Number of protein chains: 2
Amino acid sequence: MTFIDKLSAVSVASNSQLCVGLDPDPAKFPVHLHSKPDAIVQFCKAIIDATAATACAFKPQIAYFAALRAEEQLEEICKYIRTNYPAIPIVLDAKRGDIGATAEQYAREAFERYGADAVTVNPYMGFDSVQPYLEWKDRGAIILCRTSNAGGSDLQFLNVDGKPLYHHVAKLVAEKWNTNGQCGLVVGATFPNELAQVRALVGDMPLLIPGIGAQGGDIKATVEAGRTAAGAGMMINSSRAILYAKAYDAKGEDFAAAARRVAQETRDAINQYRN
Amino acid sequence: MTFIDKLSAVSVASNSQLCVGLDPDPAKFPVHLHSKPDAIVQFCKAIIDATAATACAFKPQIAYFAALRAEEQLEEICKYIRTNYPAIPIVLDAKRGDIGATAEQYAREAFERYGADAVTVNPYMGFDSVQPYLEWKDRGAIILCRTSNAGGSDLQFLNVDGKPLYHHVAKLVAEKWNTNGQCGLVVGATFPNELAQVRALVGDMPLLIPGIGAQGGDIKATVEAGRTAAGAGMMINSSRAILYAKAYDAKGEDFAAAARRVAQETRDAINQYRN
């Protein structure tokens, strides 16, 4: 089963367009995990168990693991998802971008070592930096298009023949790079008008949409801008708002129970505006 | 001592603008290393010892280590350079690019975990994706500008207000992002005319120049296009041509001796055209 088919199937089965981001920051973990050597694994497994029923994808952010020398923990977490929730695709958020021979190594890292179903990729170095990922025919490459950070405009909004650069990236991917239906795009939630423009350019291509939750994007505006005609085609990502759901302190909730509740609420809020 | 000062000092001391790239590919290692569990470390240490006298920088490519689950070996190799050749800067070739909170993690990975002096960074997400690296005041960020691969033109050559996109990146970095003199640019050797245009835009900023050797760039044209007025400002990278110097089989040379010879020849060829 390909990444795209897997994503479609679980989106229907779980009635979800919510991607749960795994950005483990031990300083934010509940106190009882602070002294545990395997805190990252314990924390992520609990979040995964709590949110699997409402997630269309899990998105581990590799930087958080790399800074902590925790690649083996990331391997274990990915294996845990594949074993216990094989229907849910893993999107490795790595934003890699390098020339062909090096990109082949990064593809092995993502798809062989971690067993990811898809990986985020940077388009700046062009098609031959993306192509090695597409050699893995059952996997996906989700390419940065319009990002949710303030500095995203520095390059992405430059005027290329009358259109912003990110329009060209969207069209390049949709019209030239996506020859086998393996590509998606990263488009932030913080600019709904621009998200709508990208959706208009790329048909039903899946969009990974960060920027709701802690980053402040509005769910209604995001969904209305990002949905396909069928009310789908989105992986709307929330990381910190789910992982570190503050309410668990105030309400005496377990962190995983709080994460479950926030994930359900977010999934349901998304669904409210899908059609 | 800052990255830039360190680079200048060793360039003078070793009369070198040659950066030695460390892209370990065990399939290409000499036969006697094939069965060794620490083959990557042994191979890289031998290359480092053989080329240190002629190198202005070492550039480990992290993808080769990540694909092989060899982060600990990379740590050991970086530590070996810092201990034995503390004058030679380590440029971690990671081409990271992500939003602020995540970029902070990548900066920790490069500068704290691996002890790199500089790291390559992708500009597509804008200044706030670069800024966290610049918080480390003695380190450097070397930003992708014009890359040496064929697909580099897909985005970098797009027409932005009458100039190719990579001109805008060069100017952004030189005029806005490089507030503390910590930035460099990656500009490939395969397009000497374009390298000359970038040099004209950025003054004395250090340029990391891949693409000679195995990638086919011409040394004379590269040096004449990339040098500053003082005949410096370059880290001209060679990886495979040094690491896997084919002659060692034919001549019965040790692989490290062959690497030393090719590194010296390359350093000297570069110097022939510096002034």
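Structure shown above.
Definitions and cut-offs
- Residues numbered from 1 in each chain as written.
- Chains lettered and ligands numbered in written order.
- Predicted model: local features only at pLDDT ≥ 70, side-chain atom pairs only at ≥ 80, totals over all residues.
- Heavy atoms only, no water.
- Helix = DSSP H or I, 4+ residues; strand = E, 2+ residues; numbered from the N terminus.
- Expected span 1.5 Å × (residues − 1).
- Buried < 20%, exposed > 50% of the residue type's maximum accessible area, 1.4 Å probe, protein only.
- Contact = heavy atoms within 4.5 Å.
- Buried area = accessible area lost by both parts, 1.4 Å probe.
- Salt bridge = Lys/Arg side-chain N within 4 Å of Asp/Glu carboxyl O.
- Least-squares fit on C-alpha atoms with pLDDT ≥ 70 in both.
- Phe/Tyr/Trp six-rings, centres within 6.5 Å; stacked < 30°, edge-to-face > 60°.
- Pairing = 2+ DSSP bridges.
- Axes fitted to C-alpha atoms, helices over the stretch in contact; angles between N-to-C directions.

What about helix α5 (residues 100-113) of chain B?
Residue and element names in this part refer to chain B. Here α5 is 14 residues long and its end C-alpha atoms lie 19 Å apart, about the 20 Å a rise of 1.5 Å per residue gives. Of all the positions in α5, only T102, A103, Q105, Y106, A107, E109, A110, F111 and R113 are classed as buried. Among the residues trailing α5, G115 stands out with phi positive, at a value near 65 degrees.

Observations regarding the interface of chain A and chain B
Each partner contributes residues to the interface: chain A has 53 residues there, and chain B has 53 residues. On the chain A side of the interface with chain B, the three residues burying the most area are Y124(A), M125(A) and L155(A), jointly 16% of the side's total. Linking chain A to chain B there are 6 salt bridges. R69(A) serves as the salt-bridge partner of E75(B), at 2.7 Å between the closest nitrogen and oxygen.

A look at the pattern of salt bridges
The full count for this structure, using the stated rule, is 32 salt bridges over all chains. Among the salt bridges present, the one from K59(A) reaches D93(A), with a minimum N-O distance of 2.7 Å. Highlighted residues: K59(A) in strand β2 (residues 57-60) and D93(A) in strand β3 (residues 91-96), separated in sequence by 34 residues. Here R146(B) makes a salt bridge to E194(B), at a shortest N to O gap of 2.3 Å. Separated by 48 residues along the polypeptide, R146(B) in strand β5 (residues 140-146) and E194(B) in helix α9 (residues 192-202) bring together distant segments of the chain. On the basis of relative accessibility, which here comes to 12%, the residue E194(B) falls in the buried class. Through salt bridges that share partners, K59(A), D93(A), K95(A) and D98(B) make up one connected network.

Side note on the relation of the copies chain A and chain B
In this structure, two copies of a chain are linked by a rotation about an axis accompanied by a shift along it. Between the two copies, chain A and chain B, the superposition gives an RMSD of 0.0 Å; the rotation angle is 180 degrees and the shift along the axis is 0.0 Å. Within this description, the copies of the chain are treated as partners about a two-fold rotation axis. Judged by C-alpha distance, V160(A) is the residue of chain A that lies nearest the rotation axis, at 2.3 Å. Taken together, the interface assignments show that 100% of the residues at the interface of chain A recur at the interface of chain B, consistent with an identical surface on both copies.

A short note on the packing of aromatic side chains
Geometrically, a pair of aromatic rings is defined through the distance of the ring centres and the angle of the planes. By the definition in use, this model includes 16 aromatic pairs over all chains. Ring geometry for F43(A) against F255(A): centres 5.2 Å apart, planes inclined by 10 degrees, an arrangement best described as stacked. Separated by 212 residues along the polypeptide, F43(A) in helix α2 (residues 39-51) and F255(A) in helix α13 (residues 255-272) bring together distant segments of the chain. Neither F43(A) nor F255(A) differs from the other in exposure class; each is buried. On the numbers, 6.4 Å between centres and 25 degrees between planes, the contact of F157(B) with Y166(B) is stacked. You can call Y166(B) buried: its relative accessible area is 1%. Taken together, the ring pairs connect F29(A), F43(A), Y244(A) and F255(A) into an aromatic cluster.

With respect to the sheet that holds β2(A)
All names here are of chain A. Spatial ordering of the open sheet is given by β2-β1-β10-β9-β8-β5-β4-β3, a layout of 8 strands whose pairing is parallel. Across the chains shown, the open sheet's two edge strands, defined by having one partner strand only, are β2 and β3. When the angles between neighbouring strand axes are averaged without regard to direction, this sheet yields 30 degrees. Examined bridge by bridge, strand β8 (residues 183-187) and strand β9 (residues 207-209) share 2 bridges and lie parallel to one another.

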